[in-house]
Amino acid sequence: MNDLSVALQPKNLTEATSLAGMLSNSEMVPPAYKRKPENTLIAMMMGAELGLNPIQSLQNIAVVNGRPSIYGDALLALMQNHPKFESIEETFDANTMTATCIVTRKGGQPHTQTYSQEDAKTAGLWQRNDVWKKHPKRMLTHRARGFAVRNQFADALAGLKTMEEAEDIEHIEKD
């Protein structure tokens, strides 16, 4: 580890608050954190709970209606870095429009989760927004992954949902 990476790990609240203020004033943070040092600090703290450094936290924790959530690719990285991670297998059946995710913890049985076009239609998601329309395979895959990983690695996620799921749930609740 070099000196700069050590410097970016705050050791106390004063250092964390100072770093959050500096980062929130940069052009390199997502809009949810721009000029919002308090939000930035909370995201950094949430990320620290997950083992993320401050920069990783700001790039991988999203704020959806005031609640933190994690992007699907960061979810995968957290699981793969977990000491109990054994394997993940993701497949997609284009004929049935069904994504399957099989996650295995060391010493455990494989856990299989599917998410299909029919599931998305039942949940009111299928034609809801452009992301689902333009990238249906990715959305179904992320949904199957999110459920599988949360079922098997809840200890690694501190109760966070994926950003994609949080956006969809919040939208459905509003409707």
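Structure first, text after, so check above.
Residue numbering note: each chain is counted from 1, following its sequence as written. Per-residue local features of the predicted model are confined to residues with pLDDT of at least 70, and side-chain atom pairs are confined, for both listing and counting, to 80 or more; whole-chain, interface and lining totals are unaffected and use all residues. To obtain the side-chain values, all non-hydrogen atoms of the structure were included, while hydrogens and water were left out.

Novice: Can you walk me through the layout of surface pockets in this structure?
Specialist: Its volume calculated, the largest pocket comes out at about 150 Å³. If you list the elements that add at least two residues to the lining of the largest pocket, you get α4 (54-60) and α5 (72-80). Strands are runs of DSSP state E lasting at least 2 residues, helices are runs of H or I lasting at least 4, and numbering of each runs from the N terminus. Among the elements that take part in the lining of the largest pocket, α5 stands out by supplying three residues, more than any other. Side-chain classes follow a simple rule in which Ala, Val, Leu, Ile, Met, Phe, Trp, Tyr, Cys and Pro form the nonpolar group, Asp, Glu, Lys and Arg form the charged group, and the remainder, Gly included, forms the polar group. For the lining of the largest pocket, the class distribution of residues is six nonpolar, five polar and no charged. For cavity detection a 1 Å grid was placed over the protein atoms alone, and a set of points counts as a cavity when a 1.4 Å probe fits there but cannot get out; an open set counts as a pocket when protein lies on both sides within 12 Å along at least five of seven lines, with lining residues being those that have an atom within 4 Å of a point. Grid points are joined across faces, edges and corners, and a volume is the space filled by probe spheres set on the points.

Novice: In this structure, what is going on with the packing of aromatic side chains? I would like to understand it.
Specialist: The description of two aromatic rings rests on the distance between their centres and on the angle between their planes. The pairing test for Phe, Tyr and Trp rings, Trp by its six-membered ring, is centres within 6.5 Å, and the orientation test on the planes gives stacked under 30 degrees, edge-to-face over 60, and tilted for anything in between. Scanning the model with the defined rule gives two aromatic pairs in all. Centre to centre, the rings of Tyr 115 and Phe 147 are 5.8 Å apart; their planes meet at 50°, and the pair counts as tilted. Of this pair, Tyr 115 sits in strand β5 (residues 111-116) while Phe 147 sits in helix α8 (residues 136-152), and the two are 32 residues apart along the sequence.

Novice: Help me understand the pairing of strand β3 (residues 85-93) in this model?
Specialist: Every regular strand shows the same layout, with side chains that alternate between the two sheet faces. As defined by bridge partners, β3 adjoins strand β4 (residues 98-105) across eight bridges and the pair is classed as antiparallel. Among the inter-strand pairings, Thr 91 is bridged to a residue of β4, identified as Thr 100. Whether two strands pair comes down to DSSP finding at least two bridges between them. In textbook terms, the turn of a hairpin is the stretch between consecutive antiparallel strands, and for β3 and β4 this stretch comprises four residues, one of which, Met 97, has a positive phi near 55°.

Novice: Would you take a moment to explain the sheet that holds β4 for this structure?
Specialist: Taken in spatial order, the three strands of this open sheet run β3-β4-β5, and their pairing is antiparallel. The open sheet has two edge strands, β3 and β5, and neither has a second partner. Here the strands of the sheet are splayed against their neighbours by 15° on average, with no regard to which way each runs. Residues count as neighbours in contact if any of their non-hydrogen atoms are within 4.5 Å of one another. Fitted lines through C-alpha atoms serve as axes, helices being fitted only where they are in contact, and the angles separating the N-to-C directions of these axes extend from 0 to 180 degrees. Each of β3 and β4 touches α5; the most contacted strand, β3, lies at about 145° to it. Seen against the sheet, α8 touches β3, β4 and β5 and runs at an angle of roughly 150° to β5.

Novice: It is not clear to me how the nonpolar core should be interpreted in this structure. Could you clarify?
Specialist: The nonpolar side chains of a soluble globular protein tend to be buried, and buried together. Working definition of a nonpolar core: buried Ala, Val, Leu, Ile, Met, Phe, Trp, Tyr and Cys residues. They are joined through side-chain atoms within 4.5 Å. For each residue, the accessible area found with a 1.4 Å probe, counting protein chains only, is set against the maximum for its type, and the residue is called buried under 20%, exposed over 50%, and partly exposed in between. In terms of nonpolar packing, the biggest core is built from 38 residues, with Trp 132 and Leu 140 touching the most fellow members. Sorting the residues of this core by element identifies α2 (13-24), α3 (37-50), α5, β4, α8 and α9 (154-157) as the ones contributing at least two each. Beyond its immediate sequence surroundings of up to four residues, Trp 132 is in contact with Tyr 115, Ala 120, Leu 125, Trp 126, Met 139, Leu 140, Arg 143 and Asp 168.

Novice: Where do I start with the pattern of salt bridges in this structure?
Specialist: Side-chain pairing between opposite charges can occur once the charged atoms of the two side chains come close. The term salt bridge refers to a side-chain nitrogen of Lys or Arg lying within 4 Å of a carboxyl oxygen of Asp or Glu. Using the criterion set out here, one finds eight salt bridges in the structure. Between Asp 73 and Arg 145 there is a salt bridge, with its nearest N and O atoms 3.5 Å apart. Note that Asp 73 is positioned in helix α5 and Arg 145 in helix α8, a separation of 72 residues in sequence. Classification of Asp 73 by relative accessible area gives partly exposed; the value is 43%. Connected via shared salt-bridge partners are Asp 73, Glu 90, Arg 138 and Arg 145.

Novice: Help me understand the side chain of His 142 in this model?
Specialist: Looking at where His 142 falls in the secondary structure, it is placed in helix α8. Taking relative accessible area as the criterion, His 142 reaches 7% and is therefore assigned buried.

Novice: What exactly am I supposed to notice about unusual backbone geometry here?
Specialist: The phi torsion of most residues other than glycine is negative, and most of the peptide bonds are trans. A positive phi is found at Met 97, a non-glycine position, where the angle reads about 55°. For Met 97, a relative accessible area of 18% gives the class buried. In this structure, Ala 158 is a non-glycine residue whose phi angle is positive, near 50°. For Ala 158, the location among the structural elements is in the loop between α9 and α10 (163-174). Taking relative accessible area as the criterion, Ala 158 reaches 47% and is therefore assigned partly exposed.

Novice: In this structure, what is going on with the packing of α5 against α8? I would like to understand it.
Specialist: Pairs of packed helices are described in terms of their axes, by the angle between the two and the distance that separates them. It is at 10 Å that the axes of α5 and α8 come closest, and there the two elements cross at 40°. Every pair of crossing elements has a handedness; the one defined by α5 and α8 is left-handed. Residue-level contacts link Gly 72, Asp 73, Leu 75, Leu 76 and Met 79 of α5 to Arg 138, His 142, Arg 145, Gly 146 and Val 149 of α8. Of the residues in the contact of α5 with α8, the class split is four nonpolar, three polar and three charged. Crossings are assigned a handedness: left-handed for a near helix turned anticlockwise from the far helix by less than a right angle, right-handed for a clockwise turn.

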